[in-house]
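Below are the chains, spelled out letter by letter.
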Amino acid sequence: MKTSVENKSGLYKKITVEVPSEKVTSSFDRVYKDIQKNATIKGFRKGKAPIQTIKTIYADSVKKDVLQDLLSETYAHAIREHKLKPVTQPAVNFDGDLSENAPFTFTAEFEVHPEVNVKKFEKLSVEKEKWALDEAEVDRIVDSYRQQGAQLVPLFEERPVQNGDTAVIDFVGTIAGVAFDGGSAQDYPLELGSKNFIPGFEEAVLGMTIGQKKSIPLRFPDDYHAEFAGKDVVFDVTLKGIKKKTLPELNDEFANTTAGFPTVEAFKQDIRDRITEGETKRIQNDLRSRVIQELVKENPIEVPEQILNEEKEAMMQDAFKNLSQRGMTAEQFEEYKTKWEKDFNEAAAVKVQANFLVMSLSETLKMTATNKEINERIEKYAKQIGMEPQKVRSFYENSQGGLSGLQYQIIEEKVVDHLLKSANVKEVSKDQLSDKP
């Protein structure tokens, strides 16, 4: 058997394999004999039909099995012979028909494992966000609890309605003098400043007094619902009342009733603790991402095109899933994808390079994911989601790349911990951080 390798663009290789006729014939014979053992043919006992009869009946269908047999064996042989490390599935091509007593030639194109030479991984320079608790943030959260417990009470003083008030209004909307569905309401509570109506409506209500009537000519925005987009509309509004939001007093009773804490200070301390825990975790995760990014920057490697595209596609699918939950349509996401395609590509390239570098470093540093660590991680996840560990393990074992992904996660954590031990970490304020990883 003759094999040769051709270097294509990037990490692509093309191997040509020439299979001699005797090997082809041997493969045909082997497949025919396997069929003969189990074939039930009228006039013969099971497994006793002559080979020639088997060939006559199965001549066309057997070629697929022979082809698979030849490809798997000779392709693997060629890969070993030339010491290649494919990272993508081969695209196989062959000319002519596969014949029992003739030589067979095929080609296979694939991408190989990039050359990974980690030159620098100790004492990487990396930024870490400097953070300090802002007491004003604690007060904002406390105020949000008070807002949730707020009550609307009628305003008895005579004054025009102002921002922050809730205006109790009747209104009728008309387009070309005709009322339309959804354009009218009675005793509608409109919080001024909430921007719940089309632009200009709330601004026109500001300054009205109780009992006052007002016609408000407006235009629906061009990006409004298709039925009304860009149309002129007139709202006839009557202000029937004004209500003011009153907040519960901030005292120990409020802290106990709202959050179960004996004092306001205990309530605030819990908020401080939760903010600190969340921000510490966020900053640490950001630091870990930055040290990986710095590792890639110091040790750039060529990225397999197919793996890059797969990673990029996975990132875009995740982005679409998240953004669609916030109301983004498929059409809007196509525009978003086009706008940020370069960023998706760069992020995918960093992630793919990081994967190769991490695995190379794990071999250098002799870091693995032990069975004990995998079991502990599965038990941890099971506890978090309230599921039996065996069911979680079954999920990982039966999902494509499940266990290997979990193993990589553990290995990556170990490698990153090692990188951070020797890293030159510089704390800077948030506005001084370089681009986010």
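As shown above, the structure is provided for reference.
All figures in this text were calculated on a predicted structure; none of them were measured in a lab.

Undergrad: Before we go on, may I ask you to explain the pattern of salt bridges in this structure?
TA: Evaluation of the coordinates by the stated rule reveals 26 salt bridges. With a closest N to O distance of 2.6 Å, aspartate 69 and arginine 30 form a salt bridge. Here aspartate 69, found in helix 3 (residues 62-81), pairs with arginine 30, found in helix 1 (residues 21-38); they are 39 residues apart in sequence, far enough to count as distant. As a salt-bridge pair, lysine 268 and aspartate 139 come within 3.5 Å of each other at their nearest N and O atoms. Pair noted here: lysine 268 is in helix 7 (residues 264-298) and aspartate 139 is in helix 4 (residues 135-148), with a separation of 129 residues, a long-range link.

Undergrad: Would you mind showing me how to read the sheet that holds strand 3 (residues 91-94) here?
TA: Paired through backbone hydrogen bonds, the strands of a sheet run either parallel or antiparallel to each other. Sheet architecture is open: four strands sit in the order 1-2-4-3, paired in antiparallel fashion. Each edge of the sheet is formed by a strand with only one pairing partner; in this case those strands are strand 1 (2-7) and strand 3. The average undirected angle you get between the axes of adjacent strands in this sheet is 20°. Of the strand pairs in this sheet, strand 2 (residues 12-19) and strand 4 (residues 104-111) are connected by eight bridges, and their pairing is antiparallel. Each bridged residue has a counterpart across the sheet, and for threonine 16 the counterpart in strand 4 is threonine 107.

Undergrad: Which parts of the structure should I look at to understand the environment of valine 116?
TA: With respect to the secondary-structure elements, valine 116 resides in the loop between strand 4 and strand 5 (125-129). Separated by 97 residues in sequence, valine 116 and lysine 213 have C-alpha atoms that sit 76 Å apart. Aside from chain neighbours lying at most four places away, what touches valine 116 is Ile301, Phe356, Leu357 and Ser360.

Undergrad: What is the right way to look at the nonpolar core in this model?
TA: General note: in soluble globular proteins, nonpolar side chains tend to be found buried as a group. If you look at the biggest cluster of nonpolar residues, it comprises 33 residues, and the most contacted ones within it are Val291, Leu295, Leu361, Val415 and Leu419. The element best represented in this core is helix 13 (residues 402-422), accounting for eight residues. Apart from the residues lying within four places of it in its own chain, the contact partners of leucine 295 are Val118, Lys120, Phe121, Leu124, Leu357, Leu361 and Leu419. Grouped together as the second largest cluster of nonpolar side chains are 27 residues, Leu11, Phe28, Tyr32 and Tyr75 included.

Undergrad: Is there a simple way to think about the packing of aromatic side chains in this case?
TA: The relative placement of two aromatic rings is captured by the distance of their centres and the angle of their planes. For the structure on display, the rule yields 23 aromatic pairs. On the basis of an interplanar angle of 80° and a centroid distance of 5.2 Å, the ring pair of tyrosine 145 and phenylalanine 267 is categorised as edge-to-face. With tyrosine 145 in helix 4 and phenylalanine 267 in helix 7, this residue pair connects regions lying 122 residues apart in the sequence. A relative accessible area of 23% means that tyrosine 145 is categorised as partly exposed.

Undergrad: I keep staring at unusual backbone geometry and nothing clicks. Help me out?
TA: The bulk of non-glycine residues show a negative phi, and the bulk of peptide bonds are trans. With a phi angle near 55°, lysine 123 is a residue other than glycine that sits in the positive phi range. Take lysine 123: it is sitting in the loop between strand 4 and strand 5. For lysine 123, a relative accessible area of 55% translates into the label exposed. Positive phi outside glycine occurs at lysine 195, with the angle close to 60°. If you trace the backbone, lysine 195 turns up in the loop between strand 8 (178-191) and helix 5 (201-205). Exposure remark for lysine 195: the relative accessible area of 65% places this residue in the exposed category.

Basis of the calculations
Residues numbered from 1 in each chain as written. Predicted model: local features only at pLDDT ≥ 70, side-chain atom pairs only at ≥ 80, totals over all residues. Heavy atoms only, no water. Salt bridge = Lys/Arg side-chain N within 4 Å of Asp/Glu carboxyl O. Helix = DSSP H or I, 4+ residues; strand = E, 2+ residues; numbered from the N terminus. Pairing = 2+ DSSP bridges. Axes fitted to C-alpha atoms, helices over the stretch in contact; angles between N-to-C directions. Contact = heavy atoms within 4.5 Å. Core = buried A, V, L, I, M, F, W, Y, C linked by side-chain atoms within 4.5 Å. Buried < 20%, exposed > 50% of the residue type's maximum accessible area, 1.4 Å probe, protein only. Phe/Tyr/Trp six-rings, centres within 6.5 Å; stacked < 30°, edge-to-face > 60°.

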